[in-house]
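An overview of the molecular structure
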Amino acid sequence: MNAQRGVLLLLIAVLSYLTFQLVQPYLSFVIAALLLAYVLSPVQTWLESQLDRFGSTTAAALLVIVVTLALLVPFVALIVATAGEAVAIARSLAADDIAAQLNAPEAWLNSRLGQNIDLTSEIATRLEGVAQTVLGTAPDLLASLTHITIGLGLAAFLLFYLLRDGDQLVDWLHTITPLPQSVQERLYDRVDNMTRAVLLGHVLVAIIQGGIAGVGLLIVGISNVLFWTVIMILLSLLPFVGSFLVWGPAALYLLSAGQTVGALFLIAYGTVVVGVSDEYLRPVIVDRYAEISPAVIVIGVIGGLSAFGVMGLFIGPIIIGALKAALELFDEQYDRL
């Protein structure tokens, strides 16, 4: 390596680091725009064919407007409804009759554990801690809302250009990647399969599993079903454990309250119906394309959540899958060192 090449590589490394520092505060929104562009690219191609007179710019603008409304309006409505149910839960816990509501579970726990547990005091202490935390973080609320607003605007702006100029970006990546065209095609195909499996399978399975579990809670008469269903959908992004973290304690609550039939039904329903959705849908939809162990997906989900925030739920498994694809391709194409 001559001095000129070394200087140029150093400059590229420094500029790449500085660019990452610029993007990092809004990295989750950038990732969201990239994933949405990937999902919507077939729709963009179809719109371009239908709007020959206007071209890709109009197609991308229309698609961004429609997608923004389609995602933002239901999301805001869901947040409002879920927040309302969360407030209702908090109010019911803080009501004067909380002691009467907890008599049966309290007696059941005391008889099983042989200890005198005061659930009312425990819950009151926890609520007080939550209230103090909320009050302490209130000054940061405006800054967070500003950050989210800017991030959403950036994501919409970036999505427009990714949809309009996505083909040019892909061609540019093919050009600058120092690999033979055949190797690039195989690598991109494998990453494409992994991305499709995570976005169209992993998320779809979570929605189906959380929805099915929500129906079970509705049947046995658990209140605030919408709130718990949303929680179960999010938890269902974790294979195997997922929605059990909600319907399992719900079954124990019913059992402690003397509703044995409802508790047994929920246990059977969760184990058989909800369990079947995870055991069969996930391998069919996800593993068929991803060709990666569910354990690796769990690591990707948890690690991605820690590294990238909410969007890490989706990008984490894709990163690990891309690494697996790159290692396999290296083993197939080149001699081992």
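The structure presented is a predicted model; accordingly, all values stated were derived computationally and were not measured.

1. Description of the overall build of the protein chain
Of regular secondary structure, the protein chain possesses 13 helices and zero strands. In the protein chain, the succession of α and β elements from N to C terminus is α-α-α-α-α-α-α-α-α-α-α-α-α. A burial count over the protein chain gives 30% of its 337 residues as buried. Carbon and sulfur atoms make up 70% of the accessible area of the protein chain, which amounts to about 20,400 Å² in all.

2. Some thoughts on the packing of helix α8 (residues 181–220) against helix α10 (residues 244–256)
At a minimum axis separation of 10 Å, α8 and α10 run at an interaxial angle of 15°. Regarding the angle of α8 to α10, the classification is roughly parallel. Relative to α10, α8 is oriented so that their crossing is left-handed. Together, Ala213, Leu217 and Val220 of α8 and Val246, Trp247, Ala250 and Leu254 of α10 make up the contact between the two elements. Taken together, the residues of the contact of α8 with α10 sort by class into seven nonpolar, no polar and no charged.

3. Re the packing of helix α2 (residues 27–50) against α8
Where α2 contacts α8, the two axes come as close as 11 Å, and the packing angle between them is 100°. Taken as axis vectors, α2 and α8 run roughly perpendicular relative to one another. Residues Leu35, Tyr38 and Val39 of α2 form the contact with α8, whose participating residues are Asp192, Thr195, Arg196 and Leu199. Along the lines of polarity and charge, the residues of the contact of α2 with α8 split into four nonpolar, one polar and two charged.

4. Here's the deal with the UniProt feature "transmembrane region" (unreviewed entry) in the protein chain
Here the UniProt feature "transmembrane region" (unreviewed entry) sits at residues 7–23, 59–83, 141–163, 197–219, 225–247, 254–276 and 296–323. For residues 197–219, the helix share is 100%, the strand share is 0%, and the end-to-end C-alpha distance is 32 Å. Overall, residues 254–276 shows 87% helix and 0% strand. The separation of its end C-alpha atoms is 23 Å.

5. Some thoughts on a nonpolar patch on the surface
Together, Leu8, Leu9, Leu10, Leu11, Ile12, Val14, Leu15, Tyr17 and Leu18 give the surface a local cluster of nonpolar side chains, amounting to about 860 Å² of exposed area. If you trace the backbone, Leu10 turns up in helix α1 (residues 3–23).

6. Things to note about the packing of aromatic side chains
A full pass over the atoms with the stated rule returns five aromatic pairs. The interplanar angle of 50° and the centroid separation of 6.4 Å between the aromatic rings of Tyr26 and Phe29 together place this pair among those described as tilted. Judged by relative accessible area, which is 16%, Phe29 ranks as buried. A centroid spacing of 5.0 Å and a plane angle of 80° characterise the contact between Phe160 and Tyr161, whose relative ring orientation is edge-to-face. According to the relative accessible area criterion, Phe160 is buried, its value standing at 16%.

Calculation notes
Residues numbered from 1 in each chain as written. Predicted model: local features only at pLDDT ≥ 70, side-chain atom pairs only at ≥ 80, totals over all residues. Heavy atoms only, no water. Helix = DSSP H or I, 4+ residues; strand = E, 2+ residues; numbered from the N terminus. Buried < 20%, exposed > 50% of the residue type's maximum accessible area, 1.4 Å probe, protein only. Areas by Shrake-Rupley, 256 points an atom, 1.4 Å probe, with all protein chains shown as cover. Axes fitted to C-alpha atoms, helices over the stretch in contact; angles between N-to-C directions. Parallel < 35°, antiparallel > 145°, perpendicular 65-115°, else oblique. Left-handed = near helix turned anticlockwise from the far one by under 90°. Contact = heavy atoms within 4.5 Å. Nonpolar A, V, L, I, M, F, W, Y, C, P; charged D, E, K, R; others polar. UniProt positions renumbered as here; feature names shortened; annotations may be inferred. Patch = residues over 30% accessible without salt bridge, like charges linked within 9 Å, V, L, I, M, F, W, Y side chains within 5 Å. Salt bridge = Lys/Arg side-chain N within 4 Å of Asp/Glu carboxyl O. Phe/Tyr/Trp six-rings, centres within 6.5 Å; stacked < 30°, edge-to-face > 60°.

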